[in-house]
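Coordinates in review
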Amino acid sequence: MKGKLFGLGIGPGDPELMTLKALRIVKETEVIAVPGKVPENTVAYKIVSQAYPELKDKTLLPIDFLMTKDPVLLDQSHNRGAQQIMEYLDKGMNVAFLTLGDSTLYATYMYVHHIIAAAGYETEIVSGITSFCAVAARLNMSLVEQAEELHVIPASYQITEALKLPGTKVLMKAASKMAQVKEELRAIGAEAVMIENCGMPNEKIYHGVEEIPDDAGYYSLIIVKEKKK
């Protein structure tokens, strides 16, 4: 009998924001897949190990994805990762793939999920608290109220038109183009707040575009609220 793959959302950074279900599956699953070269050095491992110190005793499977937008190289990388996981599934071992935030939201995990599901293996996605919900809670603010709209935007791509949308804008994955993102926000006079490493020991909060550093870290998220008329 083949094993089952779990896409495990572990929340945005605070280990107390892991769900009971995520923690249970980590405890019950033989193999823990972690995105990165050395599992113990990854953010995902450090989050879960705080909630479950026995994580070190599990079989840890590093999945080293390429950071590129080249579609050919990406496909190769995703297929390599899927093959690594399927080797354990073929042995009848369950695998839990740790994913920051929620597995369905801009998660690299979903690429291997599609490959493995298409190959006929059993898969399950386990929801986690999203980064933007955690950020809003950390700031004691609502994301949207009444008829307001919410737009989640991958800011490493073109965002000019997206910033014109009504309601609240969440800018994710902005770090690689932070200087350009800031210019876009200045151009429209946006009211923005950013959290870097939400829920982690090195968390930082920036109020206003001018406070945001150009070299902000990978785990940075910006919330742009629509100005009240």
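The preceding data block contains the structure.
Right, let's walk through the structure included here. (Residues numbered from 1 in each chain as written. Predicted model: local features only at pLDDT ≥ 70, side-chain atom pairs only at ≥ 80, totals over all residues. Heavy atoms only, no water.)

Let us now look at the side chain of lysine 182. Mapped onto the secondary structure, lysine 182 falls in helix α6 (residues 178-187). By relative accessible area, which is 6% here, lysine 182 ends up buried. If we ignore the near neighbours within four places in the chain, the residues touching lysine 182 are Val209, Ile212, Pro213 and Asp214. (Helix = DSSP H or I, 4+ residues; strand = E, 2+ residues; numbered from the N terminus. Buried < 20%, exposed > 50% of the residue type's maximum accessible area, 1.4 Å probe, protein only. Contact = heavy atoms within 4.5 Å.)

Strands sit in the order β3-β2-β4-β1-β5 across an open sheet of five strands; the sheet is parallel. Both edges of this open sheet fall to β3 (59-63) and β5 (122-126), since each of them pairs with a single strand only. Pairwise comparison of adjacent strand axes, ignoring direction, gives a mean angle of 20 degrees for this sheet. Where helix α3 (residues 71-89) meets the sheet, its contacts fall on β1 (4-9), β2 (31-35), β3 and β4 (95-99), and the angle it forms with β3 comes to roughly 160 degrees. Lying on the sheet, helix α4 (residues 109-118) is in contact with β1, β4 and β5; it crosses β5 at an angle near 155 degrees. (Pairing = 2+ DSSP bridges. Axes fitted to C-alpha atoms, helices over the stretch in contact; angles between N-to-C directions.)

In terms of nonpolar packing, the biggest core is built from 20 residues, with Leu8, Ile10, Val26, Ile32, Val48, Leu55 and Leu98 touching the most fellow members. Listed by contribution, the elements that provide at least two residues to this core are β1, α1 (20-28), β2, α2 (43-51) and β4. Leaving out residues up to four positions away in the same chain, isoleucine 32 has contacts with Val26, Leu55, Lys58, Thr59, Leu60, Leu61, Ala96 and Leu98. (Core = buried A, V, L, I, M, F, W, Y, C linked by side-chain atoms within 4.5 Å.)

Enumeration according to the criterion identifies three aromatic pairs in this entry. Between phenylalanine 97 and tyrosine 109, the ring centres sit 5.2 Å apart and the planes meet at 50 degrees, which makes this aromatic pair tilted. With a gap of 12 residues between them, phenylalanine 97 in strand β4 and tyrosine 109 in helix α4 connect regions that are remote in the sequence. An identical accessibility class is assigned to phenylalanine 97 and tyrosine 109; each is buried. Measuring from centroid to centroid gives 5.0 Å for tyrosine 218 and tyrosine 219, while their planes differ by 85 degrees, and the two rings are edge-to-face. Judged by relative accessible area, which is 46%, tyrosine 218 ranks as partly exposed. (Phe/Tyr/Trp six-rings, centres within 6.5 Å; stacked < 30°, edge-to-face > 60°.)

Take the sheet that holds strand β7 (residues 168-172) next. Pairing is mixed across the open sheet formed by five strands, whose spatial order is β6-β7-β10-β8-β9. The outermost strands of the open sheet, each flanked by one partner alone, are β6 (150-154) and β9 (204-207). Geometrically, the sheet is characterised by an average inter-axis angle of 15 degrees between neighbouring strands, direction not taken into account. Direction of pairing for strand β8 (residues 191-196) relative to strand β10 (residues 220-225): antiparallel, over a ladder of six bridges. For methionine 194, the partnering residue across the bridge sits in β10 and is isoleucine 222. Lying over the sheet, helix α5 (residues 131-138) contacts β6, β7, β8, β9 and β10, oriented at roughly 65 degrees with respect to β10. Of the strands in this sheet, β7, β8 and β10 are in contact with α6, which crosses β10 at around 5 degrees.

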